[in-house]
Amino acid sequence: MRSAGVLHADTEILVPFFDVDTMHVVWHGHYVKYLEVARCALLDKIGHNYTQMLESGFAWPIIDLQLRYVRGAVFGQRLNVRASLVEWENRLKINYLITDLQTGERLTRASSVQVAVEVSSREMQLASPKVFTDAVERMLR
């Protein structure tokens, strides 16, 4: 069973025509974009988004991304993309669940892992920067 996480953000996506193939099914690569939209909403909710991360001197590249497709989304379908914070002290791990907004049917599940890299030195950090962990802890209180 995947961890539901300690904090989550839901994002609604309406599948646009330019994301689908000739069968009107979402091309698999576009799901990564949907995850990014939900991840940004989660980071905004935490109060430490990508702009604030960069201002604090850290970039957060993705080092691992996994997706499991259950059923393809189609043109015009309304999706809910849930991003759930699973780990944050040493790395940023987020689990995702993409469902049909109307029926709740599971379409895709995924996870991403990011690590902090100090921008000035380009060195990967073995622990998440205090500025980030403090933001998460504030949100969890």
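Every chain is numbered independently, its residues counted from 1 as its sequence is written. Local features in this predicted model are restricted to residues whose pLDDT is 70 or higher, and side-chain atom pairs enter the listing and the counts only when it is 80 or higher, whereas totals over whole chains, interfaces and linings include all residues. Neither water nor hydrogens contribute to the side-chain values; these are computed over all heavy atoms in the structure.

Inclusion rule: UniProt positions are given in the numbering used here, feature names are shortened, and annotations may be inferred rather than shown by experiment.
As annotated in an unreviewed UniProt entry, the chain carries the name Acyl-CoA thioesterase and comes from Pseudomonas tensinigenes. What UniProt states about the chain under its Sequence similarities (unreviewed entry) heading is, verbatim, "Belongs to the 4-hydroxybenzoyl-CoA thioesterase family."

1. Thoughts on the packing of aromatic side chains
Aromatic ring pairs: the centre-centre distance and the angle between the two ring planes describe each pair. Inclusion rule: Ring pairs are drawn from Phe, Tyr and Trp, using the six-membered ring of Trp, whenever the two centres fall within 6.5 Å, and their geometry is named by plane angle: stacked under 30 degrees, edge-to-face over 60, tilted for the rest. In DSSP terms, a helix is any run of H or I states spanning at least four residues, a strand is any run of E spanning at least two, and both are numbered starting from the N terminus. Each residue is placed in one exposure class: buried if its accessible area under a 1.4 Å probe, protein chains only, is under 20% of its type's maximum, exposed if it is over 50%, and partly exposed if it falls in between.
Enumeration according to the criterion identifies four aromatic pairs in this entry. Taken together, a centroid distance of 5.9 Å and an interplanar angle of 65° make the contact between Y31 and Y34 edge-to-face. Placement of both Y31 and Y34 in helix 1 (residues 30-46) is noted, with a separation of three residues, approximately one turn of the helix. Judged on exposure class, the residue Y31 and its partner Y34 are both buried. Chaining the aromatic ring pairs together yields one cluster made of Y31, Y34 and Y69.

2. What about the side chain of N80?
How we decide: Any N or O atom pair separated by 3.5 Å or less is treated as a polar contact, with the protein-specific requirement of one donor-capable and one acceptor-capable atom, and with residues adjacent in sequence counted only for side-chain atom pairs. Contact criterion: two residues are considered in contact whenever any of their non-hydrogen atoms come within 4.5 Å of each other.
Inspection of the secondary structure assignment puts N80 in strand 4 (residues 78-87). Classification of N80 by relative accessible area gives buried; the value is 16%. One polar contact links N80 to D10, side chain to side chain, over a distance of 3.0 Å. Leave out the neighbours within four places in its chain, and N80 touches D10, T11, L97, I98, T99 and L101.

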